[in-house]
Amino acid sequence: MWPAALTRLLKRRLVYIVFISLIFTYLLVKLVNQKHHLRLLKIKEFSVQRTKPLIWRTLQEHLLTDEPSNRTNPPDIICRNSLQGKELLVDDRGFVCNREHILQNGCCNVESPETLYYTCETCNNSSHCCSIYEFCVSCCLHPEKRPLLELALQAVNGRQLTVFAQVLDQFELCLVKCRTNSHSVEHENRYRDGKVQYCYGPTEAHESQKEVLGIAA
């Protein structure tokens, strides 16, 4: 009787071993495929084509005097602005103003003496980086910054190509370019320069960020 019981026990153990082996093999294959997929993402060259040409600002567009006393608020325009600033906002014409000086049409009140126009305050002319986001966008919006921005676009690669391919005009480009991203930080959470965090010019991602962005080293 005991040989039959032993045989049944061995069969059960054999089935158990086969079952565990199949599970282990499945998990191992899945892990290998996942690593292969991630490796492909790292080395893949992203090719994103724009569907429409980017709209650049011109020197004649909304070019107003720097003196607030000589400026008036056009009654028939609607502006986009940066929205998220707690104290400052920048509109799509290049004006920076306090949040309380935003008009109902979304534009900065250009008649306010505190409203700045195409300002590059807090910005470093060499690194093209600023310590205040709204000043970065305002400076970036100046028509004379177009050649610099074109160089910055040429330097974009990896997964960020998808983001920059979707911007429609210089205002949207500056909003994205100045926003703090992996090009201004190292090791994911530490600024390269704590004083100038927002950059509108060409930048190169830190070595610690290239893998995250899918940029080939």
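Residues numbered from 1 in each chain as written. Predicted model: local features only at pLDDT ≥ 70, side-chain atom pairs only at ≥ 80, totals over all residues. Heavy atoms only, no water.

Under an unreviewed UniProt entry, the name given to the chain is SREBP regulating gene protein, and the source organism is Glossina morsitans morsitans. As stated in UniProt under Sequence similarities (unreviewed entry), the record for the chain gives "Belongs to the SPRING family." (UniProt positions renumbered as here; feature names shortened; annotations may be inferred.)

*Asks:* When you look at the sheet that holds strand β8 (residues 198–199) in this model, what are you seeing that I'm missing?
*Replies:* By definition, the strands of a sheet pair up through backbone hydrogen bonds, in either a parallel or an antiparallel sense. Strand order across the open sheet formed by three strands is β4-β5-β8, with antiparallel pairing between neighbours. In the strand order of this sheet, the two ends are held by β4 (123–124) and β8, each with one partner. As paired elements, β4 and strand β5 (residues 129–130) share two bridges and run antiparallel to each other. Residue pairing across strands places N124 opposite C129, the latter belonging to β5. (Pairing = 2+ DSSP bridges. Helix = DSSP H or I, 4+ residues; strand = E, 2+ residues; numbered from the N terminus.)

*Asks:* Please clarify how a nonpolar patch on the surface should be interpreted in this entry.
*Replies:* The grouping of I20, I23, Y26 and L27 at the surface amounts to a nonpolar patch, some 380 Å² of accessible area in total. Turning to its location among the elements, L27 is positioned in helix α1 (residues 2–43). (Patch = residues over 30% accessible without salt bridge, like charges linked within 9 Å, V, L, I, M, F, W, Y side chains within 5 Å. Areas by Shrake-Rupley, 256 points an atom, 1.4 Å probe, with all protein chains shown as cover. Salt bridge = Lys/Arg side-chain N within 4 Å of Asp/Glu carboxyl O.)

*Asks:* In this structure, what is going on with the nonpolar core? I would like to understand it.
*Replies:* As a rule of thumb, soluble globular proteins bury nonpolar side chains together. If you look at the biggest cluster of nonpolar residues, it comprises 33 residues, and the most contacted ones within it are V137, L173, C178 and Y200. When residues of this core are traced back to their parent elements, those giving at least two are β1 (88–90), β2 (95–98), α2 (133–140), α3 (146–155) and α5 (170–178). The residues touching C178, leaving out its near neighbours within four places in the chain, are Y133, C136, V137, C140, Y198, C199 and Y200. (Core = buried A, V, L, I, M, F, W, Y, C linked by side-chain atoms within 4.5 Å. Buried < 20%, exposed > 50% of the residue type's maximum accessible area, 1.4 Å probe, protein only. Contact = heavy atoms within 4.5 Å.)

*Asks:* Please explain the state of the cysteines as it appears in this structure.
*Replies:* Note on terminology: disulfide describes a covalent bond linking the sulfur atoms of two cysteines. A full pass over the atoms with the stated rule returns seven disulfides. Residue pairing for C79: its cysteine sulfur links by disulfide to C107, the two sulfurs lying 1.9 Å apart. In this structure, the disulfide formed by C79 and C107 twists by about 90 degrees around the S-S bond and is classed as right-handed. Placement of C79 in the loop between α1 and β1 and of C107 in the loop between β2 and β3 (116–117) is noted, with a sequence separation of 28 residues between them. When its relative accessible area of 1% is taken as the criterion, C107 is described as buried. C136 shares a disulfide with C178; S-S distance 2.0 Å. The sign of the S-S torsion, about -80 degrees, decides the handedness of the disulfide formed by C136 and C178: left-handed. With C136 in helix α2 and C178 in helix α5, the pair connects residues that are 42 residues apart, well separated along the chain. (Disulfide = S-S within 2.5 Å.)

*Asks:* What exactly am I supposed to notice about the packing of α3 against α5 here?
*Replies:* Each pair of packed helices gets described by two things: the angle between the helix axes and the distance between those axes. Interhelical geometry of α3 versus α5 gives an angle of 60 degrees and a closest axis separation of 12 Å. Between α3 and α5, the angle falls in the class oblique. The two elements α3 and α5 cross, and the hand of that crossing is left-handed. Between α3 and α5, the residues in contact are L149, A152 and L153 and Q170, L173, C174 and K177, respectively. Here the contact of α3 with α5 is built from residues that sort into five nonpolar, one polar and one charged. (Axes fitted to C-alpha atoms, helices over the stretch in contact; angles between N-to-C directions. Parallel < 35°, antiparallel > 145°, perpendicular 65-115°, else oblique. Left-handed = near helix turned anticlockwise from the far one by under 90°. Nonpolar A, V, L, I, M, F, W, Y, C, P; charged D, E, K, R; others polar.)

*Asks:* Any chance you could explain the side chain of N81 here in plain terms?
*Replies:* Relative to the assigned elements, N81 resides in the loop between α1 and β1. A polar atom in the side chain of N81 sits 2.9 Å from the backbone nitrogen of L83. Separated by 3.0 Å, the side chain of N81 and the backbone oxygen of G106 make a polar contact. (Polar contact = N/O pair within 3.5 Å; in protein donor to acceptor, adjacent residues only side chain to side chain.)

*Asks:* Mind showing me how you'd approach the packing of α2 against α5 here?
*Replies:* Between α2 and α5, the least distance of the axes is 9 Å, while the angle of their chain directions is 140 degrees. In terms of their interaxial angle, α2 and α5 are classed as oblique. Crossing angle aside, the handedness with which α2 passes α5 is right-handed. For the pair formed by α2 and α5, the contact residues are Y133, C136, V137 and C140 on the first element and Q170, F171, C174, L175 and C178 on the second.

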